[in-house]
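# Summary of the model geometry
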Amino acid sequence: MGGNNNENGSRKAIICVLDASTYVGFWILKGLLGKGYTVHAAQIKGSETEIEKKIKEMESVEKKLSVFSVDILDYHTILVALRCSALFCCLESPDSYDNSIVDLEVRGAINVVEACAQTDGMQKIVFTSSLTAAIWRENICSQKDVDERSWSDQDFCRKMKSALDVLFMCSWYALAKTLSEQAAWALAMDRMLNMVLSTLD
């Protein structure tokens with residue numbers, strides 16, 4: 001993999017984290033820097049959060065950190081940050097989930113994977129997955145194992161949107177994660193990309 005030399009003369013990969021300003025993305029970013037990797041921190045354009053402020057402060061002292069602002073709906077802006085050999089994709093909305101956020105996250109996931117397909121050096125994509133993309137269905141208690149073949153029932157998620165407030169919010173979130181992960185997975189296979197889903201919650 002392309003990258004920079006460490007003290008022992010071996011080469012470390014350049015890795016992109018998108019969206020680095022999410023909670024998960026930020027800690028992946030810190031972990032990679034701690035291991036000596038050069039990191040491209042891609043942040044989705046929007047209002048400045050506390051995490052984004054921390055990343056900007058880190059950029060001024062971390063020689064191996066570069067920060068990029070990307071438009072999740074424009075894969076050309078994503079390409080600029082993807083001059084690397086691996087990507088951690090951590091899409092998460094800072095706002096409450098609704099139909100527009102679901103659509104945004106699905107389109108964003110597709111654009112990120114498509115951008116990876118347009119690069120020459122992308123060797124691996126780690127798409128952070130949510131357990132809610134696998135367990136939201138009426139008969140979940142009858143299933144012994146949950147694995148990469150398990151997906152939440154989209155119709156069940158839509159039906160639960162009319163239930164109690166807490167279920168209403170979770171059902172939108174589950175629907176967004178299910179649709180975005182399925183879309184990313186299908187496109188990655190079509191483009192013959194090396195992508196894995198990593199469940200973190």
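Just so we're clear, the structure is a prediction, and the values are computed from it rather than from any experiment. (Residues numbered from 1 in each chain as written. Predicted model: local features only at pLDDT ≥ 70, side-chain atom pairs only at ≥ 80, totals over all residues. Heavy atoms only, no water.)

For the protein chain, the helix and strand inventory stands at 7 helices and 7 strands. When the helices and strands of the protein chain are read in sequence order from the N terminus, they spell out β-β-α-β-α-β-α-β-α-β-α-α-α-β. Per-residue burial over the protein chain gives 45% buried out of 201 residues. Taking contacts inside the protein chain between residues at least 6 apart in sequence as the whole, the part at least 24 apart equals 68%. Of the roughly 10900 Å² of accessible surface on the protein chain, a fraction of 52% belongs to carbon and sulfur atoms. (Helix = DSSP H or I, 4+ residues; strand = E, 2+ residues; numbered from the N terminus. Buried < 20%, exposed > 50% of the residue type's maximum accessible area, 1.4 Å probe, protein only. Contact = heavy atoms within 4.5 Å. Areas by Shrake-Rupley, 256 points an atom, 1.4 Å probe, with all protein chains shown as cover.)

Glancing now at unusual backbone geometry. Between L18 and the following residue, D19, the backbone shows a cis peptide bond with an omega angle of 10°. Here D19 shows up in the loop between strand 2 (11-18) and helix 1 (23-34).

This part is about the packing of aromatic side chains. Within this structure, the stated rule accounts for 1 aromatic pair. Aromatic side chains F26 and W27 sit 5.7 Å apart centroid to centroid with 75° between the ring planes, which places their arrangement in the edge-to-face category. You can call W27 partly exposed: its relative accessible area is 47%. (Phe/Tyr/Trp six-rings, centres within 6.5 Å; stacked < 30°, edge-to-face > 60°.)

All right, on to the nonpolar core then. Core analysis: the largest hydrophobic core is formed by 25 residues, its most contacted members being C16, L18, I78, L82 and L87. The dominant element in this core, judged by the number of residues it contributes, is helix 4 (residues 99-117), at 5 residues. Leave out the neighbours within four places in its chain, and C16 touches H40, A42, A81, L82, C84, A86, L87 and F88. Within the second largest apolar cluster, 17 residues are counted, among which are I15, L33, V39 and A86. (Core = buried A, V, L, I, M, F, W, Y, C linked by side-chain atoms within 4.5 Å.)

Contact pair helix 1 / helix 2 (residues 50-59): the axes reach a minimum separation of 11 Å and the direction vectors enclose 20°. Viewed along their axes, helix 1 and helix 2 adopt a mutual orientation that is roughly parallel. Crossing of helix 1 against helix 2: the hand is left-handed. Seen from helix 1, the contacting residues are Y23, F26, L29, K30 and L33; seen from helix 2, they are I51, K54, I55 and M58. For the contact of helix 1 with helix 2, the per-class residue count stands at 7 nonpolar, no polar and 2 charged. (Axes fitted to C-alpha atoms, helices over the stretch in contact; angles between N-to-C directions. Parallel < 35°, antiparallel > 145°, perpendicular 65-115°, else oblique. Left-handed = near helix turned anticlockwise from the far one by under 90°. Nonpolar A, V, L, I, M, F, W, Y, C, P; charged D, E, K, R; others polar.)

Further remarks concern the environment of S100. The topology assignment puts S100 in helix 4. In this structure, the C-alpha to C-alpha distance between S100 and A176, residues 76 residues apart in sequence, is 9.9 Å.

Taking 1.5 Å of rise per residue, 12 residues should cover 16 Å, and helix 1 covers 17 Å from first to last C-alpha, within 8% of that figure. Within the span of helix 1, buried status applies to G25, F26, I28, L29, L32 and L33. Seen end-on, helix 1 carries its buried residues on one side only, within an arc spanning 165°. For helix 1, the exposed residues set more than 90 degrees away from the buried face come down to Y23 and G34. (Expected span 1.5 Å × (residues − 1). Arc of directions from axis to C-beta.)

What follows covers the pattern of salt bridges. A full pass over the atoms with the stated rule returns 6 salt bridges. Between D103 and R107 there is a salt bridge, and its shortest N-O distance comes to 3.3 Å. Residue D103 and its partner R107 are both found in helix 4; the two are separated by 4 residues, about one turn of the helix. Judged by relative accessible area, which is 40%, D103 ranks as partly exposed. Accessibility expressed as a relative area gives 42% for R107, which makes it partly exposed. (Salt bridge = Lys/Arg side-chain N within 4 Å of Asp/Glu carboxyl O.)

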